[in-house]
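Summary of the model geometry
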Amino acid sequence: MTFSAPVDGVRWDIEASPFACRLSQSIPAFGEAVFEQEAGEGLEFYLLPAQTQQLSGRARLVAEAAPWLPGAVPRHIGDMDVRQGQINVRGNQATQMLAALHEGLVPTFSADRWYGASESVSVGIMSVNFNSAYQDYLGCLTGLLPVNYRQIARTAVLFPTAEHQLSDATRERLDLIAQYVLTDDTVQQIFVDGHTDNDGRRLLLRDLSKRRAEEVTRYLVSRGVSEDAIITRFHGDRYPVVANDTPENRTRNRRVTIRLEKD
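Residue positions are given per chain, counted from 1 along the sequence in the order it is written. Residue-level local features of this predicted model are given only where pLDDT is at least 70; pairs of side-chain atoms are given and counted only at 80 or more, and the full residue set underlies all totals for whole chains, interfaces and linings. As a rule here, side-chain values come from all non-hydrogen atoms in the structure, and water together with hydrogens is ignored.

1. Examining helix α2 (residues 130-142)
Secondary structure follows DSSP: runs of H or I at least 4 residues long count as helices, runs of E at least 2 residues long count as strands, and numbering of each begins at the N terminus. Here a helix's expected span is defined as the number of its residues, less one, multiplied by 1.5 Å. With 13 residues, α2 extends 19 Å from end C-alpha to end C-alpha; this agrees with the ideal 18 Å at 1.5 Å per step. Among all positions in α2, only F130, A133, Y134, Y137 and C140 are buried. Taken around the axis of α2, the buried residues stretch over an arc of 110 degrees, which confines them to a single face. With respect to the buried face of α2, the exposed residues turned more than 90 degrees away are S132 and T142. A contact between two residues is defined here by any heavy atoms of the two lying within 4.5 Å. For α2, the elements touching its buried residues are β2 (12-16), β3 (20-27), β4 (31-38), β5 (43-49) and α1 (91-102). Burial classification: accessible surface area is computed with a 1.4 Å probe over protein chains only, and a residue below 20% of its type maximum counts as buried, one above 50% as exposed, and the rest as partly exposed. Summarising the geometry, the arc corresponds to the directions from the helix axis toward the C-beta atoms.

See below:
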């Protein structure tokens, strides 16, 4: 069984946003081939059958010569497992697939099992019209946010003993949070919670956690985040993440957490 789009019917579709870039090709009677890069993540490729039981076992990926490029030398890219009926290619191998398409080659997956039987199957991704679509895809990549929601939805920034001033590293992290929040209008609430270790009098620790949380809130507001969206709280030493029994653990407890909540 061999699947690929006909030369005169190849179409590349692009979905672009600050959160993800997606470049895909429909493969008639089989499914879809998708290159995707999420904000803050690396390139991934997915071969998605319309029915997950179509593929199983192992697959071999080779950049083969296109019908209009006779004599081009095939290039082996890698071997991989079929997982839950689909194939996922990451990192350097996914980049090699893009390079092969740019050269006019046809990245082709070959598997020995088709619907669980011993019949082999081959699925090719055609390079027709790829270069113009790829330029649009590159344009999308330049507009991606540096982080995605998963990477900043739960953040903790740490403080030295008895201090509440923000370090350069903390400001950089808060800049990323502010940039994301200002782009994603589904983020409705930001919880900023100040904490300390247990080194000191309780009332003083509570005041210190308050100053830490307020410092974080002020910085986010200075970067354009709506103050109305932020709930600032402070807890002193009431909620340690680890026991205050070593210097390293105390460092982890001297923190402000920032939690984003969507609709």
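2. A few points about the packing of α1 against α2
Convention adopted: a line fitted to C-alpha atoms gives each axis, helices being fitted over their contacting stretch, and angles between N-to-C directions are expressed from 0 to 180 degrees. Look at α1 against α2: their axes get within 9 Å of each other, and the N-to-C directions meet at 135 degrees. Between α1 and α2, the crossing angle belongs to the class labelled oblique. In this structure, α1 contributes L98, L101 and H102 to the contact, and α2 contributes F130, N131 and Y134. By definition in this entry, angles of less than 35 degrees are roughly parallel, angles greater than 145 are roughly antiparallel, angles of 65 to 115 are roughly perpendicular, and the rest are oblique.

3. Focus: a nonpolar patch on the surface
Surface patches are drawn from residues lacking salt bridges whose relative accessible area is over 30%; two like charges belong together within 9 Å, two nonpolar side chains (Val, Leu, Ile, Met, Phe, Trp, Tyr) within 5 Å. Computed by Shrake-Rupley with a 1.4 Å probe, the accessible areas treat only the displayed protein chains as cover when residues are assessed. Only one rule defines a salt bridge in this text: a Lys or Arg side-chain nitrogen within 4 Å of an Asp or Glu carboxyl oxygen. The grouping of V7, W68 and L69 at the surface amounts to a nonpolar patch, some 250 Å² of accessible area in total. Looking at L69, the relative accessible area reads 30%, which means it is partly exposed.

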